[in-house]
Amino acid sequence: MAGSDRAVPESAARAARELRVAFGRLYRRFKELSDNQGLTPSQASVLSRLGKEGDASASDLAAAERIRPQAVAPTLAVLEERGLVERRQDPGDGRRQLVSLSPAGLAMFEDSRNAGDEWLTRAMHEHYSEAERRTLLTAITLLERLTRP
């Protein structure tokens, strides 16, 4: 491992590989369940980000999506044309516009999220015992530590 003189145990490497694969499969399953109603992956990503994080400027969205600010403009134009987002002046800075989900965009975001939540809840109930679900909750607590600085 770069910058480390200590050997990494094989169990750490194996856990990392298997976790990455499992999360990749879970992510793809959630994507399959969401009905993006003809949105491109970029449009769906922006819609999802606004649903999760709230209002944002075009430049904030571009930075979060790791694309140039000019590249987010066509995405926002399509979402606005479809009535999924709205723009308004930033009350803190009149030179900026904020983008937010419209009622239709919020409904689409929530429908997609609810479909994933319902599937996962049913799958957890059908495939795992109560003891296994408690084990998963403990594992999730451990995984959360990876997200902290």
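All of these numbers come straight from a predicted model, not from anything done at the bench. (Residues numbered from 1 in each chain as written. Predicted model: local features only at pLDDT ≥ 70, side-chain atom pairs only at ≥ 80, totals over all residues. Heavy atoms only, no water.)

A. Layout of the pairing of strand E2 (residues 93-101). Bridge count for strand E1 (residues 85-90) against E2 is six bridges, and the pairing is antiparallel. In the sheet register, Asp90 faces E2, and the bridge partner there is Asp93. What sits between E1 and E2 in their antiparallel hairpin is a turn of two residues. (Pairing = 2+ DSSP bridges. Helix = DSSP H or I, 4+ residues; strand = E, 2+ residues; numbered from the N terminus.)

B. Region of interest: the environment of Arg134. Here Arg134 lies in helix H6 (residues 130-144). As for Arg134 and Asp90, which are separated by 44 residues in sequence, their C-alpha atoms are 45 Å apart.

C. Here's a closer look at the pattern of salt bridges. Evaluation of the coordinates by the stated rule reveals twelve salt bridges. Glu10 is the salt-bridge partner of Arg17, the closest N and O atoms lying 3.0 Å from each other. For Arg17, a relative accessible area of 39% translates into the label partly exposed. The salt bridge involving Arg29 is made with Glu32; its shortest N-O contact spans 3.2 Å. In this pair, Arg29 and Glu32 both sit in helix H1 (residues 10-33), three residues apart, roughly one turn of the helix. A relative accessible area of 30% means that Arg29 is categorised as partly exposed. Several salt bridges share partner residues, and in doing so they unite Arg49, Glu53 and Glu65 into one network. (Salt bridge = Lys/Arg side-chain N within 4 Å of Asp/Glu carboxyl O. Buried < 20%, exposed > 50% of the residue type's maximum accessible area, 1.4 Å probe, protein only.)

D. Geometry of the nonpolar core. Counting 17 residues, the largest nonpolar core has Leu39, Val46, Leu47, Leu50, Leu61 and Val85 as its most contacted members. Broken down by secondary-structure element, the contributors of at least two residues to this core are helix H2 (41-53), helix H3 (58-65), helix H4 (69-81), E2 and helix H5 (103-127). The leading source of residues in this core is H2, at four residues. Contact partners of Leu47, with chain neighbours within four places excluded, come to Leu39, Leu79, Leu84, Val85, Leu101, Gly105, Met108 and Phe109. (Core = buried A, V, L, I, M, F, W, Y, C linked by side-chain atoms within 4.5 Å. Contact = heavy atoms within 4.5 Å.)

E. Seen up close, the side chain of Ser57. Tracing the backbone through its elements, the reader meets Ser57 in the loop between H2 and H3. Among the polar contacts made by the side chain of Ser57, one reaches the side chain of Ser59 at a distance of 3.1 Å. Looking at Ser57, its side chain comes within polar contact range of the side chain of Arg96, at 3.5 Å. Not counting residues within four places of it along the chain, the set of residues in contact with Ser57 comprises Arg96, Gln97 and Leu98. (Polar contact = N/O pair within 3.5 Å; in protein donor to acceptor, adjacent residues only side chain to side chain.)

F. View of the environment of Glu110. In this structure, Glu110 sits in helix H5. The exposure class assigned to Glu110 is partly exposed, which follows from its relative accessible area of 33%. Note: C-alpha distance between Glu110 and Met124 (14 residues apart in sequence) is 21 Å.

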